[in-house]
Amino acid sequence: MIFKFLITFSIILYSSASFSEKIIEGKAKIIDGDTIHIGINKIRLHGIDAPETNQECTIDAEAWNCGVKSTLALKNFILDKEVYCEIIDIDQYKRFIGICFVDNENMNKYMVSNGWAIAYRYYSTLFVEEEEMAQKNKLGIWQGTFIEPYLFRKNN
């Protein structure tokens, strides 16, 4: 019995250790402001939450498609360059969760710093300072008002 436990524990420990070192790199297809595909790998950007593609925000009571703008911001950031992702987890939808880079620049941080995503505090506090700066400077979605993306998804 103890032997079975040790084997199971060793397998879990080994898979966790090797998993935390998983790297996925290549050309990315942008799905939305916080999700990309590299080959067959679906990757959700860790610690951020971007507006959904069909989500609208408002500026001075005027609606605008902030979800499309967020997606375009990520596309313009990547510009068909190689993307390098450090995978840290897998979510309930079987997507990889990663921190991704283009030319050594953190893609997750970029999206929050420029106001195209919020810090996803439910999972991480990594990008809270960047969000506060984007909000203070009224960048991206902070130019007006919006429903937080996770609430938008819940309600739709």
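Structure first, text after, so check above.
Residues numbered from 1 in each chain as written. Predicted model: local features only at pLDDT ≥ 70, side-chain atom pairs only at ≥ 80, totals over all residues. Heavy atoms only, no water.

Student: Which residues make up the pattern of salt bridges, and what values go with them?
Tutor: Here the idea is simple: oppositely charged side chains can pair when their charged atoms come close. This model, assessed by the stated rule, comprises eight salt bridges. Across the salt bridge formed by Arg-44 and Asp-49, the nearest N and O atoms sit 3.1 Å from each other. Looking at Arg-44, the relative accessible area reads 7%, which means it is buried. The exposure class of Asp-49 is buried, given its relative accessible area of 0%. A salt bridge links Glu-131 to Arg-121; the nearest nitrogen and oxygen atoms lie 2.9 Å apart. Residue Glu-131 is located in helix α4 (residues 128–136), and its partner Arg-121 is located in the loop between β10 (118–119) and α4; the two are separated by ten residues in the primary sequence. On the basis of relative accessibility, which here comes to 42%, the residue Arg-121 falls in the partly exposed class. Among the ionic contacts, a cluster of salt bridges with common partners joins Asp-34, Arg-44, Asp-49, Glu-52 and Arg-153. (Salt bridge = Lys/Arg side-chain N within 4 Å of Asp/Glu carboxyl O. Buried < 20%, exposed > 50% of the residue type's maximum accessible area, 1.4 Å probe, protein only. Helix = DSSP H or I, 4+ residues; strand = E, 2+ residues; numbered from the N terminus.)

Student: Would you mind going over the nonpolar core in detail, with residue names and values included?
Tutor: Within the largest apolar cluster, 35 residues are counted, with the highest numbers of intra-cluster contacts made by Ile-36, Ile-43, Ile-78, Val-83 and Met-107. Per-element accounting of this core gives the leading share, five residues, to helix α2 (residues 66–78). Beyond its immediate sequence surroundings of up to four residues, Met-107 is in contact with Leu-45, Leu-74, Phe-77, Ile-78, Val-83, Cys-100, Phe-101 and Val-102. (Core = buried A, V, L, I, M, F, W, Y, C linked by side-chain atoms within 4.5 Å. Contact = heavy atoms within 4.5 Å.)

Student: Outline the pairing of strand β3 (residues 41–45), supporting the account with residue identities and numerical values.
Tutor: In this structure, strand β2 (residues 35–38) lies alongside β3, joined through four bridges in antiparallel fashion. The residue of β3 that forms the bridge with Thr-35 is Arg-44. Where β2 folds back on β3, the antiparallel hairpin that results is connected by two residues, among which Gly-39 adopts a positive phi of roughly 60°. Note that β3 and strand β8 (residues 96–102) share three bridges and pair parallel. Residue pairing across strands places Arg-44 opposite Ile-97, the latter belonging to β8. (Pairing = 2+ DSSP bridges.)

Student: Go over the state of the cysteines, please, and point to the residues and values.
Tutor: For the coordinates displayed, the defined rule picks out two disulfides. One disulfide bridge connects Cys-57 with Cys-66, the sulfur atoms lying 2.0 Å from each other. With the S-S bond torsion at 70°, the cross-link from Cys-57 to Cys-66 turns out right-handed. The burial state of Cys-57 is the same as that of Cys-66; both residues are buried. Sequential numbering of the bridged cysteines in the protein gives the disulfide pattern 1-2, 3-4. (Disulfide = S-S within 2.5 Å.)

Student: Summarise unusual backbone geometry; cite the residues concerned and give the values.
Tutor: If you check the backbone angles, Lys-94 has positive phi at about 65° while not being a glycine. Mapped onto the elements of the fold, Lys-94 is located in the loop between β7 (82–90) and β8. The phi torsion at Lys-138 lies on the positive side, around 55°, for a residue other than glycine. The residue Lys-138 is located in the loop between α4 and α5 (149–155) in this model. On the accessibility criterion, Lys-138 (55% relative accessible area) is exposed.

Student: So what's going on with the pairing of strand β1 (residues 23–32)? Which residues, and what values?
Tutor: In terms of strand pairing, β1 meets β7 through five bridges, oriented antiparallel. Paired with Ile-24 across the two strands is Cys-85, which belongs to β7. Count of turn residues in the β1/β2 antiparallel hairpin: two residues.

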